[in-house]
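A closer look at the structure
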Amino acid sequence: PVPFPAGARMAFVNMQLVVSESKLGKSGQDRMKKLHDDNQAKLAQLAKAIQDQQQKINTQTGVVTDAVLQGLKRELDRMQLDAQAEQQKAQAAEQNLNEDLLGDFSSKAMPIIDALRTERDLWVIFGVQEGGENGGGQIIVASANAGLDLSVEIVKRLDAKFSGTEVK
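The structure reproduced in this document is the subject of the present report. Because the structure is a prediction, the values reported are computed rather than measured. Each residue is numbered by its place in its chain's sequence as written, counting from 1. This being a predicted model, a pLDDT of at least 70 is required before a residue's local features are given, and a value of 80 or more before pairs of side-chain atoms are given or counted; all residues contribute to the totals for chains, interfaces and linings. In computing side-chain values, all of the structure's heavy atoms are included and hydrogens and water are not.

The next thing to look at is the overall build of the chain. For the chain, the helix and strand inventory stands at four helices and three strands. Strands are runs of DSSP state E lasting at least 2 residues, helices are runs of H or I lasting at least 4, and numbering of each runs from the N terminus. Traced from its N-terminal end to its C-terminal end, the chain shows the element sequence β-α-α-α-β-β-α. Each principal axis of the C-alpha atoms in the chain carries an extent, and together these give about 85 × 50 × 30 Å. Here's how the labels work: a residue is buried when its accessible area is under 20% of the maximum for its type, exposed when over 50%, partly exposed in between, all with a 1.4 Å probe on protein chains only. Relative to its full complement of 168 residues, the chain shows a buried share of 19%. Residue contacts follow a heavy-atom distance rule, with two residues in contact if any of their heavy atoms lie within 4.5 Å. Considering only intrachain contacts with a sequence separation of at least 6, the fraction spanning at least 24 residues in the chain is 61%. Here the Shrake-Rupley method, with its probe set to 1.4 Å, supplies the accessible areas, and only the displayed protein chains count as covering residues. If you sum the accessible surface of the chain, you get close to 12800 Å²; carbon and sulfur atoms cover 57% of it.

Spelled out as C-alpha cells, the structure:
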C-alpha cells in the first residue's frame, strides 16, 4: 500500500473493499450466500413439482375424465401460487438479512473509522463506493470533525438573505 501522506487532513475508505476483505464482511457474505442457496434449492424443488404436475396433466389428457383433469389443473394453479408466495418470502428474507448485516457491520465499523480519524487528527474521512455500469460512484462522509459542518451557518445566511420570503 501507498504510505499515508504526512500532513493529510482528509482521507477516504472504500467501504466495498472493507466489507469484501474483512472477516466480519466475509462472514456476512457467507450468511447471505447460504440463505440464498437454501432459498434457491427450495424454489427449485417447487419448480420441479410444478413441472411434474404439468407433465402429469399432459399425459392424462384424454385418458381421465374432465373432472379429474380439472382437479389436476386446480392443483397446478395452487402449486404455482405457493411457488410465487415462496419466491416473495425468499426475497423478503434475503433483503431483511442484508439490512440486518449491513446495520450490524456499520455499527461495528463506524466507531473504528471515527477513532482512526481522531488518531490521525483528520478533519474528515469520506466513504467511497464504486458506481454501477456508467462508472459513477458515491461519496459519503464516514466520519468528520463536527467543526467542519457548515449546515447551521448556511441556514443562518439563507434566513438572513431570504427572510420572510415564501416558497413559490
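Resuming the write-up.
Looking now at the nonpolar core. One finds Ala 11, Val 13, Met 15, Phe 105, Ala 109, Ile 113, Leu 122, Ile 125 and Ala 142 forming the largest nonpolar core, which totals nine residues. Mapped by element, the contributors of at least two residues to this core are β1 (10-14) and α3 (66-119). Each residue touching Ala 142, except ones within four places of it in the same chain, is listed here: Met 110, Ile 113, Ile 125, Phe 126 and Gly 127. To form a nonpolar core, buried Ala, Val, Leu, Ile, Met, Phe, Trp, Tyr and Cys residues must be joined to one another through side-chain atoms within 4.5 Å. With seven residues, the next largest nonpolar core counts Ile 57, Leu 76, Met 79 and Ala 83 among its residues.

Should DSSP find at least two bridges between two strands, the strands are taken to pair. Spatial strand order, β1-β2-β3: three strands in an open sheet with mixed pairing. Both edges of this open sheet fall to β1 and β3 (138-144), since each of them pairs with a single strand only. The sheet shows a mean angle of 30° between the axes of neighbouring strands, direction not considered. In this sheet, strand β2 (residues 124-129) lies alongside β1 in parallel orientation, the contact comprising five bridges. Across the sheet, residue Ala 11 finds its bridge partner in β2, namely Ile 125. For helices, the fitted line uses only the C-alpha atoms of the stretch in contact; every axis is such a line through C-alpha atoms, and the angle between N-to-C directions lies from 0 to 180 degrees. Packed on one face of the sheet, α3 meets β2 and β3 and runs near 70° to β3.

Turning to the packing of aromatic side chains, a few remarks are in order. Any two of the Phe, Tyr and Trp rings considered here, Trp counted by its six-membered ring, make a pair once their centres fall within 6.5 Å; the pair's planes then place it as stacked at under 30 degrees, edge-to-face at over 60, or tilted in between. Across all of its chains, the model carries zero aromatic pairs by this definition. Sitting above the plane of the Phe 4 ring, Arg 120 keeps its charged end 4.7 Å from the centroid. Counted as over-ring charges are cases with an Arg CZ or a Lys NZ within 6 Å of the ring centre that also lie within 35 degrees of the ring normal.

On to the packing of helix α2 (residues 23-60) against α3. It is the contact of α2 with α3, at a shortest axis distance of 10 Å, that shows an interaxial angle of 175°. It follows from the interaxial angle that α2 and α3 lie roughly antiparallel. For this scheme, ten residues count as nonpolar: Ala, Val, Leu, Ile, Met, Phe, Trp, Tyr, Cys and Pro. Four count as charged, namely Asp, Glu, Lys and Arg, and the remainder, Gly too, count as polar. Here the contact of α2 with α3 is built from residues that sort into 18 nonpolar, 10 polar and nine charged. Should an angle fall under 35 degrees it is called roughly parallel, over 145 degrees roughly antiparallel, and 65 to 115 degrees roughly perpendicular, with every other angle called oblique.

Along the chain, Met 10 turns up in strand β1. Met 10 sits 112 residues away from Leu 122 along the chain, and the two C-alpha atoms are 5.6 Å apart. In this view, Met 10 contacts Phe 4, Leu 122, Val 124 and Phe 126; residues no more than four positions away in its chain are not counted.

Here we take up α3. In this model, α3 (54 residues) spans 79 Å end to end at C-alpha, consistent with the 80 Å of a helix rising 1.5 Å per residue. Ala 109 marks the point of greatest bend in α3, at about 25°, and the proline Pro 111 comes within the next four residues. Taken from the residues just after α3, Asp 121 is the one with a positive phi, measuring 55°. The span one expects for a helix is its residue count, reduced by one, times 1.5 Å. Note that bend, as reported per residue, equals the angle between axes fitted to the 7 residues terminating at that residue and the 7 residues originating from it.

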